[in-house]
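# Structural description and commentary
Spelled out from the first residue to the last, the chains are:
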Amino acid sequence: PELLRRLAIHQRVIEDALANGDILPAQFGTLLASEDEVHLLLTGWGGLVRASLARFSGLVEMEVAATWDLQQVLSEAVSDPEVMRAKSAAAQAPPEERHDHLVRVGKIVKEVLDQRRARCQEILLAAVGPLAARVRPNALLSDELVFNVAFLTQRWAMTDFEAAIDRVDEELDGSVQLRIIGPLPPY
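Residues numbered from 1 in each chain as written. Predicted model: local features only at pLDDT ≥ 70, side-chain atom pairs only at ≥ 80, totals over all residues. Heavy atoms only, no water.

### Re the packing of aromatic side chains
Quick note on the threshold: Aromatic pairing here means that ring centres of Phe, Tyr or Trp (its six-membered ring) are within 6.5 Å. Orientation follows from the plane angle: under 30 degrees is stacked, over 60 is edge-to-face, and everything else is tilted. Each helix is a run of H or I in the DSSP string that is no shorter than four residues. Each strand is a run of E no shorter than two, and both are numbered from the N terminus. Note on exposure labels: buried denotes an accessible area under 20% of the residue type's maximum, exposed denotes more than 50%, and partly exposed covers the range between, all computed with a 1.4 Å probe on protein chains only.
Applying the stated criterion to the full structure yields one aromatic pair. Summarising the aromatic geometry, the rings of Phe151 and Phe161 are spaced 5.6 Å apart at their centres and angled 70° between planes, so their arrangement reads as edge-to-face. Of this pair, Phe151 sits in strand E3 (residues 145–154) while Phe161 sits in helix H6 (residues 158–172), and the two are ten residues apart along the sequence. Of the two residues, Phe151 and Phe161, both sit in the buried class.

### A few points about the packing of helix H5 (residues 95–128) against H6
The test is simple: Orientation is described by lines fitted to C-alpha atoms, with helices fitted over the stretch in contact, and by angles between N-to-C directions that extend from 0 to 180 degrees. Note that the term roughly parallel is reserved for angles under 35 degrees, roughly antiparallel for angles over 145, roughly perpendicular for angles of 65 to 115, and oblique for everything else. In this scheme the handedness of a crossing depends on how the near helix is turned from the far one: anticlockwise by less than a right angle means left-handed, clockwise means right-handed. By definition in these notes, contact holds between two residues if any of their heavy atoms fall within 4.5 Å.
Put simply, H5 and H6 touch, their axes get as near as 9 Å, and they point 150° apart. In this view, H5 runs roughly antiparallel relative to H6, as classed from their interaxial angle. With respect to the hand of their crossing, H5 and H6 are arranged in right-handed fashion. Here Arg119, Cys120, Ile123, Leu124, Ala127 and Val128 of H5 lie close against H6, whose contacting residues are Phe161, Ala164, Ile165, Arg167, Val168, Glu171 and Leu172.

### A look at the sheet that holds E3
Note the threshold: Paired strands, as defined in this entry, are two strands with at least two bridges between them according to DSSP.
Pairing is antiparallel across the open sheet formed by four strands, whose spatial order is E2-E3-E1-E4. A single partner strand is all that each edge strand has here, and the edge strands are strand E2 (132–137) and strand E4 (177–184). Ignoring strand direction, the axes of neighbouring strands in this sheet form an average angle of 20°. One ladder, built from nine bridges, connects strand E1 (residues 59–67) with E3; its direction is antiparallel. If you follow Met62 over to E3, its bridge partner there is Phe151. Contacts from helix H1 (residues 2–19) reach E1 and E4, with the element oriented near 60° to E4.

### Structural notes on the pattern of salt bridges
Filter applied, for reference: For salt bridges, the criterion is a side-chain nitrogen of Lys or Arg within 4 Å of an Asp or Glu carboxyl oxygen.
Applying the stated criterion across every chain, the model contains seven salt bridges. Two residues, Asp114 and Lys110, come together in a salt bridge whose shortest N-O distance is 2.5 Å. With a gap of four residues between them, Asp114 and Lys110 both fall in helix H5, about one helical turn apart. Overall, the relative accessible area of 32% leaves Asp114 in the partly exposed class. A salt bridge links Glu122 to Arg119; its shortest N-O distance comes to 3.4 Å. With Glu122 and Arg119 both in helix H5 and three residues apart, the pair spans about one turn of that helix. Overall, the relative accessible area of 46% leaves Glu122 in the partly exposed class.

### Notes on the side chain of Asn148
Stated formally: Between N or O atoms, a polar contact is any pair within 3.5 Å; within protein, one atom must be a potential hydrogen donor and the other a potential acceptor, and residues adjacent in sequence are included only when both atoms are from side chains.
Within the secondary structure, Asn148 is located in strand E3. Of note is the side chain of Asn148, whose polar atom sits 3.4 Å from the side chain of Glu63. For Asn148, the residues in contact, after removing those within four places along its chain, are Glu63, Val64, Ala65, Arg136, Pro137, Asn138, Ala139 and Leu140.

### Section: the packing of helix H3 (residues 70–77) against H5
Put simply, the rule is: When residues are sorted by character, Ala, Val, Leu, Ile, Met, Phe, Trp, Tyr, Cys and Pro go into the nonpolar class, Asp, Glu, Lys and Arg into the charged class, and all the rest, Gly among them, into the polar class.
Axis separation between H3 and H5 bottoms out at 10 Å; the angle between their running directions is 115°. Here the hand of the crossing between H3 and H5 comes out right-handed. Each of Val73, Leu74, Glu76 and Ala77 in H3 lies in contact with H5, whose residues at this interface are Val109, Val112, Leu113 and Arg116. Here the residues of the contact of H3 with H5 are counted per class, giving six nonpolar, no polar and two charged.

These figures capture arrangement, not role.
Okay, here's the thing in C-alpha cells:
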C-alpha cells in the first residue's frame, strides 16, 4: 500500500509538471536532497539536460496496453479448423504417438493466439502509429496481455491520439480491454 501511495503521488507530480512544460524522465525514487545537489547536477550535466529538453520538446509518452479474457480466447482458438484437425489426429493416434500429437495441438493453439495478437497490434499501429514520432512495442509479460506499446507523440496531438484509441476499441469490438497510461515523460 505504501508503494502504491508513493507511485500515485509521483504520477500527480509528473502530471502537474507536464501541464506546465516539458520534463525529462527520472528513475522512480530519485531524490536530490538539497538545492546544492540540484546545482551540482546541473553544473555537470546541464548541457545534456538542455539538449535533451530541446530534443523532446513538446513530446510525451503514451503507453497503450490491451488484455483479453484468456479462457474465452482459448475456447475460441480450439474452434479453429487447424486446431480441430490436430485434436482429431491426436485422438486417433496410437498411444505411443499421442503425446507428440498433443504437443502439436498446443503449438497450433499458440500460433492462433499469436496471429490474433499480431492482428490486434496491427490495428493499433495503423490507427495510432501515424500520430507518433516513435513507436516501441514492450515485452508481453503474461498470456493475458495482447499488446503493450509505447508511443512518443506530440502533446498537442493528445485529442487525436485518444480518438484513434477509441476507433481501435470499436474495431476490436470488445475483444480486448484497452488501457492508456500517460501522458508520461518521454522514456
